[in-house]
Amino acid sequence: WYDNGALEAATFYASLLPDSAVTAVHHAPGDYPDGKEGTVLTVEFTVCGIPCVGLNGGTAFKHSEAFSF
């Protein structure tokens with residue numbers, strides 16, 4: 001869960017670790033209450049072969065150590 005940095009985070013992790021890559025970026029198809037068309041919503045990526053999804057979900061939840069690299 002990211003406020004708005006899922007793509008940047010996924011790109012960073014993929015650049016550091018082996019067998020890692022950003023595999024898909026999903027954008028908003030139109031404007032929505034908290035954002036504009038084209039905004040990155042989710043990012044699919046792998047880290048050391050482990051599939052992950054980053055979600056730009058806003059500030060509703062705070063960072064936790066629930067998942068850590």
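Reading the values: rules and limits
- Residues numbered from 1 in each chain as written.
- Predicted model: local features only at pLDDT ≥ 70, side-chain atom pairs only at ≥ 80, totals over all residues.
- Heavy atoms only, no water.
- Helix = DSSP H or I, 4+ residues; strand = E, 2+ residues; numbered from the N terminus.
- Buried < 20%, exposed > 50% of the residue type's maximum accessible area, 1.4 Å probe, protein only.
- Contact = heavy atoms within 4.5 Å.
- Areas by Shrake-Rupley, 256 points an atom, 1.4 Å probe, with all protein chains shown as cover.
- Pairing = 2+ DSSP bridges.
- 1 Å grid on protein atoms, 1.4 Å probe; cavity = no way out; pocket = protein on both sides within 12 Å on 5 of 7 lines; lining within 4 Å.
- Points joined across faces, edges and corners; volume = space filled by probe spheres on them.
- pLDDT = per-residue confidence, 0-100.

K.L.:
How should the overall build of the protein be read in this particular structure?
P.N.:
The secondary structure content of the protein amounts to 1 helix and 3 strands. Listed by position from the N terminus, the elements making up the protein come as α-β-β-β. Considering only C-alpha atoms, the protein reaches an extent of 35 × 25 × 15 Å along its principal axes. Expressed as a percentage of the 69 residues in the protein, the buried residues total 20%. Relative to all contacts within the protein whose residues are 6 or more apart in sequence, the contacts with residues 24 or more apart total 40%. By element, 59% of the accessible surface of the protein is carried by carbon and sulfur atoms, the whole surface being about 4,800 Å².

K.L.:
Could you clarify how one ought to interpret the environment of Thr46 in this entry?
P.N.:
With respect to the helices, strands and loops of the structure, Thr46 is situated in strand 2 (residues 40–47). A sequence separation of 15 residues divides Thr46 from Phe61, and the C-alpha atoms of the two residues are 23 Å apart. Other than its neighbours up to four places away in sequence, Thr46 contacts Asp19, Ser20, Ala21 and Pro51.

K.L.:
Looking at this model, I keep getting lost on the pairing of strand 3 (residues 50–55). Mind explaining?
P.N.:
Residues in a regular strand project their side chains so that they alternate between the two faces of the sheet. Strand direction decides the pairing type here: strand 2 and strand 3, joined by 6 bridges, are antiparallel. Bridge pairing in strand 3 links Thr46 to Pro51. Adjacent in sequence and paired antiparallel, strand 2 and strand 3 are bridged by 2 residues, among which Cys48 carries a positive phi angle near 55 degrees.

K.L.:
Could you clarify how one ought to interpret the layout of surface pockets in this entry?
P.N.:
Regions of empty space are outlined by a rolling probe, equal in size to a water molecule, passed over the atoms. Reported here for the second largest pocket is a volume of approximately 150 Å³. In terms of lining residues, the second largest pocket is bounded by Asp3, Asn4, Tyr32, Asp34, Thr39, Val40, Asn56, Gly57 and Gly58.

K.L.:
Looking at this structure, I do not really get the confidence of the model for the protein. What am I missing?
P.N.:
The predicted coordinates should not be examined in detail at positions where pLDDT is low. Confidence in the prediction of the protein, expressed as mean pLDDT, is 91, and 96% of residues score 70 or more. Mean pLDDT in the protein bottoms out at strand 3, which sits at 94, and peaks at strand 1 (residues 21–27), which reaches 98.

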